[in-house]
Amino acid sequence: MKVALFIPCYIDQFYPNVGIATLQLLEKLGCDVSFPLQQTCCGQPMANSGFASMSKGCDLNFMKNFSGFNYIVAPSGSCVLHVKEHLHSDKHPDEAFLLRNTIYELTEFLTDVLKVENINASFPYKVGWHNSCHGQRGLNLSSMTEKMLPEFSKPEQLLKMVKGIELRKPKRNDECCGFGGTFCVSEEAVSVKMGKDRIKEHEDNDVDYITGGDTSCLMHLEGILRRKGSKVKTIHIAEILNSVL
Amino acid sequence: MAVKHADLAEKFIADEPRTNWHDETLWFVREKRDKAAHGLPEWEQLREWGSQIKNNTLSNLSNYLKEFEEKATANGIKVHWASDAQEHNEIVHKIIQKHGIQKIVKSKSMLTEECQLNEFLQHRGIEVVDTDLGERIVQFRKEPPSHIVLPAIHLKKEDVSATFHEHLQTEKGNNDPQYLTEAARQHLRNKFVESQLAITGVNFAIAETGGFVVCTNEGNADMGAHTAPVHIACMGFEKLIPKAAHLSVFLRLLARSATGQPITTYSSHFNKPRSNQEMHLVIVDNGRSKQLGREDFRNSLKCIRCAACFNTCPVYRRSGGHSYHTAVAGPIGSILNPNLDMKANADLPFASTLCGSCTNVCPVKINIHEQLWKWRQVIVAEGYVATSKKISMLGMSFVFSSPKIYRLMGKTARGIMHVFPFIINNKLNTWYKQREMPEAPKDSFRDWYLKNRKN
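Rules behind the numbers
Residues numbered from 1 in each chain as written. Chains lettered and ligands numbered in written order. Predicted model: local features only at pLDDT ≥ 70, side-chain atom pairs only at ≥ 80, totals over all residues. Core = buried A, V, L, I, M, F, W, Y, C linked by C-beta atoms within 7 Å. Buried ≥ 20, exposed ≤ 12 C-beta atoms within 10 Å, placed from the backbone. Contact = placed C-beta atoms within 7 Å. Helix = DSSP H or I, 4+ residues; strand = E, 2+ residues; numbered from the N terminus. Pairing = 2+ DSSP bridges. Nonpolar A, V, L, I, M, F, W, Y, C, P; charged D, E, K, R; others polar. Axes fitted to C-alpha atoms, helices over the stretch in contact; angles between N-to-C directions.

Labelled according to an unreviewed UniProt entry, chain B appears under the name Lactate utilization protein, originating from Flavobacterium pectinovorum.

The name recorded for chain A in an unreviewed UniProt entry is (Fe-S)-binding protein, from Flavobacterium pectinovorum.

Shown next as C-alpha cells:
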C-alpha cells in the first residue's frame, strides 16, 4: 500500500523521533511509505488565529507535495483535522477535495484502513492516555463524555495490543490540556493552568508516561512537567507502538 | 479594547485555590448534566429535535412572531416591540411611570442584564430588587452576574456572609448557608409583599397559544407575578417556539443541560392577565436581526440559555465569568457578543482552545466552536487584531510557504537553542514563563530521512 507521510513542521523540527517511529511503524506494517521532501506546515497556526487568508501558500505547497497518493498519513490529529476541514484551492477545488478525504491521522489509519489486529510492541510501563480534542472531537477517534453514545477508542484499542503496558485513565478523561495553538501564549495563564490540572490527574495515577496522538499537546505538557521537575515523561503513541524491547 | 479576557483571566487565576474551587464546582454541575442525560436513551434524538424546531422557528420567524402577537393580544397581553436595549428600557420605564410605581421586583431575566435595565432605571431614581438569591447577592455587591444560570457562582459562602452582614445585618462570620438563605428569604418576602410591579424573563414564548413559560427553581418569578398588579415579561425574539407540544422537547433538555435536574422546580405558564392585572410583554431585537442575517452565525440564536457550554468549558471554569466582560459570558457569549460590539469583544472568540466540548453539550446543537473559528476570521478581516499579531502571522505565512526558507529558519532556530539558549529562554518568551522549551535536536526528521532512507 502506497502511503505519503506528512510530518507536521514542529514534529519535523523538534520531535524527529515521532516522525521516525511513525515511518518505521508504517513500514513494519507493510506500507510503501514516501516522504515528500518539500513539505512544510498545514497552515493551521495562521487559520486558527483568524488569518486563514494567509494560509494559501501552505495549501498550495501541501497540494504540490501530496497530490497523487492513495493515502496521506500524519501523526497529528490536529494538523489532519485542519487539512480535512480547511485545505482549499481556487484553481483546483476537486484536487483539494480529494486530498481532504485521503488524509488520515495515524491511529485511525491503523485501525480503519490497515485494520491492524496485532502489533509486535512491548512497553512495560504505567501509561496515561491523553485525548487530544482535535483527534477526539474533531476526527471522532474515540467516544466523548458529552455525548450519550456507545463508548469506543481507536488509540486505546491499539495500545491494548502492546505487551506489558498498563493503561491508567485520568479522572476527566477528555478534558482539554490547554495548548490550543497560539492560545498557549495569548492566554498563557489559562493555558498553563489547564495543563497543570491535566498533569495532576496523571500524577495522581502514578503514571510513568503520558501519551497521546498529538505532539502539540504533549509538547505543552512536557514543558510544564520539565519545569516542575516531574518524573513523568511524555511520549507519542507512535513511539509506543513502534517500541520493541 | 479596554479590557481583555486574557488579562482578567490571569488575575482570576492568581488565586489558584479559588480557581480550583470554581473549576471543581462547575465540573460537578457538568457531571450532574451527564448523569441526567445518560438517564434518557433518546437524549441525542431530543437534541436533534430541539435543533430542528429552532431551525424551523428561525427560518419562519416573522410569521411566528406575527402569530404570537395576535394570539397574545387576543389573550389580553399588551405586546411591545423594542428594536434595541434603549427602546426596551424606555418601554419598561414608561409603564412604570404611567402607574407611578416605586417598588419593583425582578426575577429570571438575562435579557434585562443585556439591556442594563437596572442601571437605566437607577439613573431615573427607580430601584429594582433582584429576587433570585444569586442575583440579589451580586446586586448587593454591585457586580454583574458571572454565569447566566448561577449568577454568583464566583463567590464562596464566606463572601456571601460578608455581603449579607453589610446589607442585611446578619452575624459577622456566620457562614452557614441555611442561616444566610433564611436571612435573604425574610428580606425578600417583604419586597414581594410591597411590590407593585414584577419584571420577569421568558424561557419559551409559544406562537400557537400566545402564552409564555418561565422556568425557575426558587419560584420568585411566580411570587412576583402573582403578587404585583402589573407584570412585565421581557424576551429576546429568539425565545419563540411554534407549538405548545414543543415544550415537551425543550423542558426536558433545558433543566438537564443546565443543572442536571429532570425538570425545573417551576415551569410556569402565563397565558393571560388575572382580572385587574396588567400583563405586558416586551419583545426585543437588540442586534438579533443582524445576527440572523449572518449566515455563519445565525444559528447561535437557537440558544435556550442553559449554560451547559459554560459548565463544560475548560477555559470558563478557570477564568471566571467576569473575564468575559459581557452580560452573557462563556462560549455562547463569545459568539453572540462580537455581533453586538465587534471592537469591544474582539478578544472573546480567541478565549478558547477550540476543544469543541461546548458544541457537544449544546442541547440545540449550536456549532459553537466552529463559530468561534469563523468569528476569528471576521475579526481579523475587519481589522480588530493587534498589528504585532498580523506581522508575526505574515512572517509565518512567508516561512511556511517556502520549503527552503522553512528549513533554513528551522535549522537556525535549533542551532540558536543549542548554542545560545538564553536568546530563547528569557522573559520575553511567554511560553517560557511557566514552561520549558522543547529540547532542540541536531537533525530534523527530514535530515534523518535523507541520511537513512534516501541513500
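*Asks:* Break down the nonpolar core for me, citing the residues and quoting the values.
*Replies:* Ranked by size, the top nonpolar core spans 178 residues in total, and within it A:Ile72, A:Val73, A:Leu241, B:Phe212, B:Met235 and B:Cys309 carry the most contacts. Residues in contact with B:Met235, not counting those within four places in the same chain, are B:Leu111, B:Gly201, B:Val202, B:Ala205, B:Leu281, B:Ile283 and B:Val284. Counting 13 residues, the second-largest nonpolar core is a separate cluster that includes B:Val138, B:Ile153, B:Val160 and B:Ala183.

*Asks:* Which residues make up the pairing of strand E7 (residues 230-236) of chain B, and what values do they have?
*Replies:* All names here are of chain B. Taken across its seven residues, E7 has seven buried, putting it largely inside the fold. The alternating pattern of E7 places Val-230, Ile-232, Cys-234 and Gly-236 and His-231, Ala-233 and Met-235 on opposite faces, both of which are buried. Alignment of strand E4 (residues 197-200) against E7, held across four bridges, turns out to be parallel. What sits directly across from Leu-197, in E7, is Val-230. Relative to strand E10 (residues 278-284), E7 is paired through seven bridges, and the arrangement is parallel. Residue pairing for E10: Ala-233 is matched across the bridge by Leu-281.

*Asks:* Now, about the pairing of strand E3 (residues 71-74) of chain A: what can you tell me, with residues and values included?
*Replies:* Residues and elements named next belong to chain A. As paired strands, strand E1 (residues 2-5) and E3 are joined by three bridges and run parallel to one another. Note on E3: the bridge partner recorded for Val-3 is Tyr-71. Both E3 and strand E4 (residues 103-105) contribute to a ladder of three bridges, which runs parallel. The residue bridging Val-73 from the neighbouring strand is Tyr-104, located in E4.

*Asks:* Residue-level account of unusual backbone geometry, with values.
*Replies:* One non-glycine residue, A:Lys115, lies in positive phi territory at about 50°. With respect to the helices and strands, A:Lys115 occurs in the loop between helix H7 (106-113) and strand E5 (126-130). For A:Lys115, a count of 7 C-beta atoms within 10 Å translates into the label exposed. In this model, B:Arg305 sits at a positive phi of 60°, which is unusual for a non-glycine residue. Within the fold, B:Arg305 resides in the loop between helix H13 (288-292) and helix H14 (308-312).

*Asks:* Before we move on, could you go through the interface of chain A and chain B and cite the residues and values that matter?
*Replies:* Contacts between chain A and chain B engage 59 residues on the former and 56 residues on the latter. Secondary-structure elements contributing two or more residues to the side of chain A that touches chain B are helix H1 (9-14), helix H2 (16-28), helix H3 (44-48), helix H4 (56-66), helix H8 (133-138), helix H10 (183-186), helix H11 (188-204) and helix H12 (215-227) of chain A. With seven residues, H12(A) is the single largest residue contributor to the side of chain A that touches chain B. In the side of chain A that touches chain B, the residues fall into 30 nonpolar, 18 polar and 11 charged.

*Asks:* Before we move on, could you go through the sheet that holds strand E7 (residues 209-212) of chain A and cite the residues and values that matter?
*Replies:* All names here are of chain A. The strand order across the open sheet built from four strands is E6-E5-E7-E8, with neighbouring strands paired in parallel fashion. The open sheet has two free edges, formed respectively by strand E6 (166-167) and strand E8 (233-236), since each of these has just one partner strand. In terms of strand pairing, E7 meets E8 through four bridges, oriented parallel. Bridging from a neighbouring strand, Tyr-209 pairs with Lys-233 of E8. Its contacts with the sheet place H12 against E5, E7 and E8, and it is angled at close to 165° to E8.

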